[in-house]
Amino acid sequence: MIRPFLIVLNFLLILSFSEAPESYALSQAQSKSSVTNKPDSLRVGLVLSGGGAKGVAHIGVLKAIEESGLRIDYITGTSMGSLVGGLYAIGYNSDQLIELAKENNFVELFTENPERRYISNYEKGFDERTIVSFPISEKGIDLPAGIITGQNIYTYLSNLAWMAHSTDDFDEFPIPYAAIATDIETGEAVVFRSGYLPDAIRASISIPSAMVPHEINGKLYVDGGLARNIPVEDAIRMGANYIIAVDVSTPLVPQDSLQTLTEIMNQAVMYRINERGKQQKKMADLVIEVSELNKYDITDFDLMERFLDIGLEAGRRFMPEFRELANRQQGVAPERPGMEPPVPLPISNIIIEGNSLFDDEFILRKLEFEPGNRLTPDDIEARISKLYSSSYIDQVTYRIKPDTLYQYNLQVKIHESKRNNFNVGLRYESNTQASILLESSFQDLLHPGSINRLETRLGDRISIGTDYIYYGALGSRLAALTSVWFNSELVEWYSDFDRVSSFKSRTLKAEISAGNYFSTQNLFTVGIRKEFDYQDNEINPADIEPVSKGHHGIFAKYRYDSHNRKAYPSNGQKLVAEGYHSNTAFMSPLLFTSVAGLWEGFIPLSENLSFRHALYGGYTYGDDLPWNYWHTVNRYSDTFGYVRIGGFDTFQVASRNLQLASFGLQAEPVYHRFVGVDVYTGRFSDQWELSLNRSDFEYGISLSVGALTILGPIKAILSTSTIDSFQAEIQIGYQF
């Protein structure tokens, strides 16, 4: 049996240009009659194989065919060939395909991080913390059906195929077309000659294990290369009597190149694919084997221009044959002006399918729909991203179909995520060492219309807890939240920036609150809190100022967070405020008040440069103050995140009142590679002050370099401050 990870290795047959910088669609399509309806004894079928990144060479061959004047009457394709062939069949010319291939960003295509500004306030409290997620079934923890759902891929296909949305019969395209996929249940090849073009292509390129199998009418499909990588017989069935087959697939390698288990298993998989390919090529009249590609890998996405040139050179070697065939055809090949920019269409109605967790009103509100709106594919894509951003939706697909002569319906299909998940996060910091986060979420576990989260953090700080949120219907913004948490950490206590004592702080906390948790803008929540605080393993207890006594009180929170991502945000603002009051008037043993607020923003100065600013203030009133209400920096907070000042140790600042300001620049010279410089100033005192007496402030500066990787953010930081001459830090993984 072929292991899933080997399938991923062998079939990273990626859509090398499906992320288009602009769309070409829903202009008047070329008439099919101008291409295929003239009686002709020579009917040419073009067959395009799968081949991963190397499949972009198909475009170079198409360019040579156009230059020769040869008319293509039918196109069949598998995987990458289905993408190239499908777009060419609906009207794209080779120059447009070349442009798409050069401008595509593969990292963005295969990352499915949602638009963070559109996720709910509840989800923003714990998003971007884990690196791997597993579904939970009745049998336990399983492997996911695929690493990605293919949302980005499907959306880009829908964008590029704008003119074909209302066409169900692929024979009605300017060039009749067929895509090959594999039925995951039977392993047999399935030929798509009708339906919705993005569905057919998405099925054909469904990389096993890397991408979730694609569902069409209740059937699941994976990459067509598993069943028929070079679909010659399908072009013959369509009516072609002369077949040009272009093979860019990976050949078998000699035994001296098989040194590892992966290489051996790769060879075993490719053996069957190549054997079936040989049988198909025997039925072709002209086979173009682009052998120059053999030394490259199917994942060499940074070599697109080279693959285009190789394909064009291979095609031009067969220019005499192309021209001879063209001379045998009646008439001349029609011109291919290419696809024009999309025409906005008037949308009269939205038809919603597949939703049960979310009500129609919620979805319509997200789509900001008004009857009669004229929408382009970019407009729809922006609105669809608002729906997909929720972790409770796996995929959103759409299609435009005519309603009346001048109006159209927007059909939106919701694939909701009803599974329970187990997530894992990893974090390493040079000053606190390694930590691990284990998180599980369950829907409708205790009550229909509820979500339960269980979380455990192990490391320098131990945290165990659960959330129970009741929403009734996810279309509602309002929800009630019950939380119970236990926290334990070793606290180093400082006096005048010198460590004088330490203690183990333990807290058991329970909260009940209500608020608009499922809104995406401003969060307002109020509730009551009960805490049991105690300390042990005390060293020099006389120097420890926080009290150890249980208490209860009321709290209120506000949050607005439009950062585009938690790690290395480049734009957006975050404003968070929280207040808590414990009073003997309602039988709490302690009388104190704590208020804190954070404003952090990123302002883009250019495409790769952002200005960062942050203001943090913390105020307390009352003689008895538990440890959790002292204000400190360089320590992760569930409410505020990581409030930082460069050149300070964790806990080196812990005061009743804190005022902190910082600003800096963050550059991204290479995609997801960052360089930053930040300047900090802060005042830490027992009394709140508004004067700007410079003698009360401490200062720091940091220089950082880092990257976003598969393990999360990585950052190296060099800092200095007025209390520490030099510090070096390493941080790996998401903060939690």
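What you see is a predicted model, and the numbers here were worked out from it, not measured in a lab.

A. Quick look at the pattern of salt bridges. Inspection of the entire model under this criterion finds 43 salt bridges. Between Asp168 and Arg399 there is a salt bridge, with the nearest N and O atoms lying 2.7 Å from each other. Note that Asp168 is positioned in the loop between α8 (151–160) and β6 (177–183) and Arg399 in strand β15 (residues 393–402), a separation of 231 residues in sequence. For Asp168, a relative accessible area of 33% translates into the label partly exposed.

B. Representation of the sheet that holds strand β14 (residues 373–375) within the structure. Here four strands make up an open sheet; going across it, the order is β14-β13-β16-β15 and the pairing mixed. This sheet does not close on itself; its edge strands, each paired only once, are β14 and β15. Here the strands of the sheet are splayed against their neighbours by 45° on average, with no regard to which way each runs. One ladder, built from three bridges, connects strand β13 (residues 345–353) with β14; its direction is antiparallel. Bridged to Ile347 within β14 is Asn373.

C. Structural detail: the UniProt feature "short sequence motif: GXGXXG" (unreviewed entry) in the protein chain. Under the present numbering, the feature "short sequence motif: GXGXXG" (unreviewed entry) in UniProt falls on residues 50–55. The distance from the first to the last C-alpha atom of residues 50–55 is 6 Å, and the span holds 0% helix and 0% strand.

D. The arrangement of helix α12 (residues 304–317) in detail. Between the first and last C-alpha of α12 there are 20 Å, a value that for 14 residues agrees with the 20 Å anticipated at 1.5 Å per step. Among all positions of α12, only Met304, Phe307, Leu308, Ile310, Gly311, Leu312, Ala314 and Gly315 are buried.

E. Examining the domain arrangement of the protein chain more closely. The assigned domain composition of the protein chain is domain 1 (47–112 + 149–328), domain 2 (345–416) and domain 3 (421–733). Taking only C-alpha atoms into account, the centre of domain 2 sits 38 Å from that of domain 3. Approximately 750 Å² of surface area, both sides summed, lies buried where domain 2 meets domain 3, with 57% of it carried by carbon and sulfur atoms. The largest per-residue losses of area from domain 2 upon contact with domain 3 belong to Leu357, Arg365 and Tyr392, which jointly make up 67% of the total buried on that side. In terms of residue class, the side of domain 2 that touches domain 3 is made up of four nonpolar, no polar and three charged.

F. The arrangement of a nonpolar patch on the surface in detail. A contiguous nonpolar surface patch, about 1000 Å² in accessible area, is contributed by Ile603, Leu605, Phe663, Leu665, Val675, Val677, Val679, Ile701, Leu703, Val705, Leu718 and Phe726. Contributions of two or more residues to the nonpolar patch are made by β26 (592–606), β32 (657–670), β33 (673–685) and β34 (698–709).

G. Structural view of the packing of aromatic side chains. In the structure shown here, the tally under the stated rule is 22 aromatic pairs. A centroid spacing of 5.9 Å and a plane angle of 45° characterise the contact between Phe170 and Tyr177, whose relative ring orientation is tilted. As far as burial versus exposure is concerned, Phe170 and Tyr177 are alike and both buried. An aromatic cluster is present here, built from Tyr122, Phe126, Tyr471, Tyr517 and Phe518 joined pairwise through their rings. Its end group placed over the ring of Tyr88, Arg336 keeps NZ or CZ at 3.8 Å from the ring centre. The side chain of Arg453 reaches across the aromatic face of Phe126, ending 4.0 Å from its centre.

Thresholds applied
Residues numbered from 1 in each chain as written. Predicted model: local features only at pLDDT ≥ 70, side-chain atom pairs only at ≥ 80, totals over all residues. Heavy atoms only, no water. Salt bridge = Lys/Arg side-chain N within 4 Å of Asp/Glu carboxyl O. Helix = DSSP H or I, 4+ residues; strand = E, 2+ residues; numbered from the N terminus. Buried < 20%, exposed > 50% of the residue type's maximum accessible area, 1.4 Å probe, protein only. Pairing = 2+ DSSP bridges. Axes fitted to C-alpha atoms, helices over the stretch in contact; angles between N-to-C directions. UniProt positions renumbered as here; feature names shortened; annotations may be inferred. Expected span 1.5 Å × (residues − 1). Domains from an automatic or database assignment. Buried area = accessible area lost by both parts, 1.4 Å probe. Nonpolar A, V, L, I, M, F, W, Y, C, P; charged D, E, K, R; others polar. Patch = residues over 30% accessible without salt bridge, like charges linked within 9 Å, V, L, I, M, F, W, Y side chains within 5 Å. Areas by Shrake-Rupley, 256 points an atom, 1.4 Å probe, with all protein chains shown as cover. Phe/Tyr/Trp six-rings, centres within 6.5 Å; stacked < 30°, edge-to-face > 60°. Lys NZ or Arg CZ within 6 Å of the ring centre and 35° of its normal.

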